[in-house]
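Secondary and tertiary structure notes
As a plain string of letters, each chain reads:
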Amino acid sequence: MRFRQGATLAAAAAVVAAVGVVPVVMTVGGSSPASDAVGQVSGASPCPTLSSDNPGGELQTLGPLVETGATLDAPNLDARYDVLIGLVGTRDQPGFVVAFRDRHTRVVQVWDNHGLGRDSSGDFAGKRAGEPAHQFFSAQLALGPDRVLDVGLYSRAAHRITVSSEGHPTDAESTRNTATGWTFFWVQRSARPLPPDRFTSPGDYQGPEKVTVAAYDAAGRPQHTDSGGPHVGGGVQNPRDGSPSAQVTPSPTAPACPTGVVPS
């Protein structure tokens, strides 16, 4: 399942962080390819809980957002954003989200949501019946002409994950998501970004900038590799290049969430 830039997002919730009662606006996908496995969320609790079920259609987070250490400059908005990643939804049908925290206002907004189903093996299920399960999902955000941020998930545990293009592998940082058992990974690299028109060509993009992801065990043995496949190298909707179709204004009376946890 590949999602494309410019996918429609629908506003879903507004929450308030504890530090300085900072508003956190959350938007999640509706019917776009980026999010159709999650579906449109009709509402959310003021402070999302870490739960594997989803009573009443409320948005559930699967652990806190993960800091990537990357910064996105948006001259069109005269703003700079920290980039975070995380999971929302349920254990069996989570959404991989990319969120942006405004450096000035400290507002965190989810701009990109990709639905991922869980196969009986624990890997990522194919989008349609009969499609094979897969172990990797990744997306790429261009930070500059020769600078990219690659983010994603590996469906198993790994001692080391690398991301490469044009024959240059780079070690990614990683952390395990305890709710799903899947592994987040992220890395900033000096590399040419994937071309924006890569989704218009028939088949999977196989140009020189194609992304290859690989996981290794503690002995250095390769576990899984995906090179230029349909589940790696997706786009990331972001404040610099596009805008959600709607936005929720945080309520001034919304309760504060627990200190030390960034609502996700």
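Before reading further, recall that the structure is shown in the block above.
Residues numbered from 1 in each chain as written. Predicted model: local features only at pLDDT ≥ 70, side-chain atom pairs only at ≥ 80, totals over all residues. Heavy atoms only, no water.

**Quick word on the overall build of the chain**
Worth spelling out the cut-off: Going along the chain from the N terminus, every DSSP run of H or I of four or more residues is numbered as a helix, and every run of E of two or more is numbered as a strand. Partly exposed describes any residue whose relative accessible area lies between the buried limit of under 20% and the exposed limit of over 50%, with all areas from a 1.4 Å probe on protein chains only and scaled to the type maximum. Areas reported here follow the Shrake-Rupley algorithm with a probe of radius 1.4 Å; residue values treat only the protein chains shown as occluding.
When helices and strands are counted, the chain shows 0 helices and 16 strands. Looking at the 264 residues of the chain, the share that counts as buried comes to 52%. Put simply, the chain shows about 11,500 Å² of open surface, and 50% of that area lies on carbon and sulfur atoms.

**Some words on the sheet that holds strand S10 (residues 147–154)**
Basically, it comes down to this: Strand pairing is defined by DSSP finding a minimum of two bridges between the two strands. Axis definition: a line fitted to C-alpha atoms, over the contacting stretch in the case of helices. Angles run 0 to 180 degrees between N-to-C directions.
If you trace the 4 strands from one edge of the open sheet to the other, you get S9-S10-S14-S13, paired in antiparallel fashion. Looking at the sheet topology across the chains shown, the edges are occupied by strand S9 (136–144) and strand S13 (173–176). Within this sheet the neighbouring strands show an average axis-to-axis angle of 15 degrees, counted without direction. As judged from the 4 bridges shared by S13 and strand S14 (residues 183–190), these two strands associate in the antiparallel manner. Bridging from a neighbouring strand, Thr175 pairs with Phe184 of S14.

**Examining unusual backbone geometry**
Residue Asp78 is not a glycine yet carries a positive backbone phi of 50 degrees. Relative to the assigned elements, Asp78 resides in the loop between strand S5 (66–74) and strand S6 (79–89). Residue Asp78 is classed as exposed on the basis of its relative accessible area of 74%. Although it is not a glycine, Arg106 sits at a positive phi angle of roughly 70 degrees. Under the relative-accessibility criterion, Arg106 is labelled partly exposed at 36%.

**Overview of the sheet that holds strand S11 (residues 160–165)**
Pairing in this open sheet of 4 strands is antiparallel, and the strands run S12-S11-S15-S16 from one edge to the other. Of all the strands in the sheet, the pair left with one neighbour each is strand S12 (168–171) and strand S16 (222–227). Across the sheet, the axes of successive neighbouring strands diverge by a mean angle of 20 degrees, strand direction being ignored. Pairing between S11 and S12: 4 bridges, direction antiparallel. From the neighbouring strand, Thr162 faces S12, where its bridge partner is Asp171.

**What about the environment of Val98?**
Formally: In what follows, a contact means two residues having at least one pair of non-hydrogen atoms within 4.5 Å.
Note on placement: Val98 falls in strand S7 (residues 94–102). For Val98 and Val83, which are 15 residues apart along the polypeptide, the C-alpha to C-alpha distance reads 7.1 Å. In this view, Val98 contacts Val83, Leu84, Ile85, Gln109, Val110, Trp111, Asp112, Val151 and Val236; residues no more than four positions away in its chain are not counted.

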